Amino acid sequence: SAVISQKPSRDICQRGTSLTIQCQVDSQVTMMFWYRQQPGQSLTLIATANQGSEATYESGFVIDKFPISRPNLTFSTLTVSNMSPEDSSIYLCSGRTGFDTEAFFGQGTRLTVV
Amino acid sequence: GIQVEQSPPDLILQEGANSTLRCNFSDSVNNLQWFHQNPWGQLINLFYIPSGTKQNGRLSATTVATERYSLLYISSSQTTDSGVYFCAVERGSGNEKLTFGTGTRLTIIP
C-alpha cells in the first residue's frame, strides 16, 4: 500500500492559535480522509478531503474550525483553528485507492493545547 | 448510523498467551478491516477481511458477515503486540467512509 508522511508528529500550542497539519502520499490516491482521536477514544471522521473542491464534513465538524485543502491527488492539509484545550487529540490522515480497498494512515499528529 | 462494538475493552495477558478479540456490527457491511495502533499512535492495517478467514504469521482473522461479527486471534503474544486494536467497517453502496469500533486495549506483560 501507499505510504503517507504526516507532519508535525506532535505539537504543543497556545489556545487561540491555529495549527496546520500536512499529509503527503507517495502515490496518487482517490480518497483522503481526516480523523480525530480524543484521549482514550476511538477514531471519529472529521471530513473527506476532495481534490480540487470543498471537503465534505461530518456532523459536528465545520469548515471554519477545520479548514481542509486538497490541491492534488497526493497532498492534503488540515488546519485546527482558534484552538482550545478541548482540541487536544491525535489527528490522523488516511488514504484509499478506491472503494473496497484497504485504508492506510499517516503517523498521526499528537496535539496538546495549553 | 451503524454501531461497531468491540470486546473486551481491556485485556492484560502474560507473554506467550493467546487471545481472541471480537468485533460486532449492527448492520450489513461491504468490508471490514482490523488495525493495530501502537503506543506512538500510528495505525497499522492488519487485515482487510469482508468475509472468511485470513492468517498472517501469529495473527489470524475471521469475519462471519451474515452474523455480523469478526474475530481477531493473536497467538503466542509478544510485548510488541501491546496497543489498541480497532476494527472498522464500510457500509458500501458508494459510501467509502470507515466507521471505527470502540477498540480493545491489549497489554502484554513480560
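In what follows, the structure referred to is the one given above.
Residues numbered from 1 in each chain as written. Chains lettered and ligands numbered in written order. Predicted model: local features only at pLDDT ≥ 70, side-chain atom pairs only at ≥ 80, totals over all residues. Heavy atoms only, no water.

Residue and element names in this part refer to chain A. Only one face of strand β11 (residues 109-113) is buried, namely the one carrying Thr 109, Leu 111 and Val 113, since none of Arg 110 and Thr 112 on the opposite face is buried. Across 4 bridges, strand β2 (residues 10-13) lies against β11 in parallel orientation. For Asp 11, the partnering residue across the bridge sits in β11 and is Leu 111. In this structure, strand β9 (residues 89-96) lies alongside β11, joined through 3 bridges in antiparallel fashion. Bridge pairing in β11 places Ser 89 opposite Leu 111. (Buried < 20%, exposed > 50% of the residue type's maximum accessible area, 1.4 Å probe, protein only. Helix = DSSP H or I, 4+ residues; strand = E, 2+ residues; numbered from the N terminus. Pairing = 2+ DSSP bridges.)

Our focus in this paragraph is the sheet that holds strand β7 (residues 68-72) of chain A. Residues and elements named next belong to chain A. Within the open sheet, the 4 strands sit side by side as β1-β3-β8-β7. Their pairing is antiparallel. Looking at which strands have only one partner, the edges of the open sheet turn out to be β1 (4-7) and β7. Between one strand axis and the next, the sheet turns by 15° as a mean value, whatever way the strands run. Sheet topology note: the β1/strand β3 (residues 19-25) ladder contains 4 bridges and is antiparallel. Considered in β3, the bridge of Ser 5 is made with Gln 24. (Axes fitted to C-alpha atoms, helices over the stretch in contact; angles between N-to-C directions.)

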